[in-house]
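Chain residues, written in single-letter form:
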Amino acid sequence: MNKKLTAALSGGAVLVLALSACSSGGSSKDDKLDPWAKQVCDAVQPQVQKIAAANTAIQKETTDQSAPADVQKADSKGFQDISDAYKAMAAAIEKAGPPDVDSGKTKQENAVKELNALSASYADLGKQSDALNTKDQAKFADGLDGVAKQLEKLSKTGTDALKELEAGDVGKAMAKQVSCKSASASASASPATTQG
């Protein structure tokens, strides 16, 4: 039962990688994108770390030996942290304004919308987790299974708008930023494989 939740969480780490500009290096057409990329990367980096930490905390508590109440508490806090992180990323991209590229405004708006939707979905998972019956192990396991299924769906949710925003010159400008490189490293370091 808990292995499903852990496996689904690992899928969530992939989502984070989309945000950490793992684009191949190279120089952007011109340097006017660099200040935009720096602003976004500097704001996104702590959020990527927050998501990785929340995933790790949930995975650590989600073992067959953990008491249902402890699992619930870890899930609730973890999902809320992830929700807050995506919301903060959306705010950072909104604040940075559109990048100076073709359709920059549309790409920016779509990415903000996508991140806010992810934030709402994780907040909803937190509520689902809070509502689980921790007194009855079997009911709790069933409920957790439902949360894991939702999480799995969420981890497969497209991050097309983010990929679109980070395509081309924007991605190159982001790849040059130290904070985006370290965000990528934290995302990669979060557990992506599960045992058992």
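A short tour of the structure in this document, coming up.

Here is what the cut-offs are and how they apply
- Residues numbered from 1 in each chain as written.
- Predicted model: local features only at pLDDT ≥ 70, side-chain atom pairs only at ≥ 80, totals over all residues.
- Heavy atoms only, no water.
- Helix = DSSP H or I, 4+ residues; strand = E, 2+ residues; numbered from the N terminus.
- Contact = heavy atoms within 4.5 Å.
- Areas by Shrake-Rupley, 256 points an atom, 1.4 Å probe, with all protein chains shown as cover.
- Core = buried A, V, L, I, M, F, W, Y, C linked by side-chain atoms within 4.5 Å.
- Buried < 20%, exposed > 50% of the residue type's maximum accessible area, 1.4 Å probe, protein only.
- Expected span 1.5 Å × (residues − 1).
- Bend = angle between axes of the 7 residues up to and from the residue.
- Axes fitted to C-alpha atoms, helices over the stretch in contact; angles between N-to-C directions.
- Left-handed = near helix turned anticlockwise from the far one by under 90°.
- Phe/Tyr/Trp six-rings, centres within 6.5 Å; stacked < 30°, edge-to-face > 60°.
- Parallel < 35°, antiparallel > 145°, perpendicular 65-115°, else oblique.
- Nonpolar A, V, L, I, M, F, W, Y, C, P; charged D, E, K, R; others polar.

Side note on the overall build of the chain
- On a plain count of helices and strands, the chain comes out with eight helices and zero strands.
- Relative to all contacts within the chain whose residues are 6 or more apart in sequence, the contacts with residues 24 or more apart total 86%.
- Within the structure as shown, the chain displays about 9,400 Å² of accessible surface, and the carbon and sulfur contribution to it stands at 52%.

Some thoughts on the nonpolar core
- Grouped together as the largest cluster of nonpolar side chains are 37 residues, with contacts concentrated most on Trp-36, Tyr-86, Tyr-122 and Met-174.
- Mapped onto this core, the elements with two or more residues apiece are helix 2 (33-61), helix 3 (68-96), helix 4 (104-130), helix 5 (137-155), helix 6 (160-165) and helix 7 (168-175).

Regarding helix 2
- In this model, helix 2 (29 residues) spans 42 Å end to end at C-alpha, consistent with the 42 Å of a helix rising 1.5 Å per residue.
- Along its length, helix 2 shows its largest kink, about 30 degrees, at Val-44, and proline Pro-46 lies within four residues downstream of that point.

Regarding the packing of helix 2 against helix 7
- Running from amino to carboxyl end, helix 2 crosses helix 7 at an angle of 65 degrees, the nearest separation of the two axes being 8 Å. Between helix 2 and helix 7 lies a crossing of right-handed hand. Facing helix 2, whose interface residues are Leu-33, Asp-34, Trp-36, Ala-37, Val-40 and Cys-41, helix 7 presents Asp-169, Val-170, Ala-173 and Met-174.

Observations regarding the packing of aromatic side chains
- For the structure on display, the rule yields two aromatic pairs.
- Ring centres of Phe-79 and Tyr-122 lie 6.3 Å apart, and the angle between their planes is 40 degrees; on these two criteria the pair is classed as tilted. Of the two residues, Phe-79 is situated in helix 3 and Tyr-122 in helix 4; the sequence distance between them amounts to 43 residues. Comparing Phe-79 with Tyr-122, the two get one shared label, buried.
- Pairwise contacts between aromatic rings join Phe-79, Tyr-86 and Tyr-122 into one cluster.

Overview of the packing of helix 2 against helix 3
- Running from amino to carboxyl end, helix 2 crosses helix 3 at an angle of 170 degrees, the nearest separation of the two axes being 9 Å. The pairing of helix 2 with helix 3 is recorded here as roughly antiparallel in orientation.
- In terms of residue class, the contact of helix 2 with helix 3 is made up of 20 nonpolar, four polar and seven charged.

Concerning the environment of Thr-106
- Tracing the backbone shows Thr-106 in helix 4.
- The exposure class of Thr-106 is partly exposed, given its relative accessible area of 43%.
- The spacing of Thr-106 and Leu-165 is 59 residues in sequence and 8.9 Å in space, taken between C-alpha atoms.

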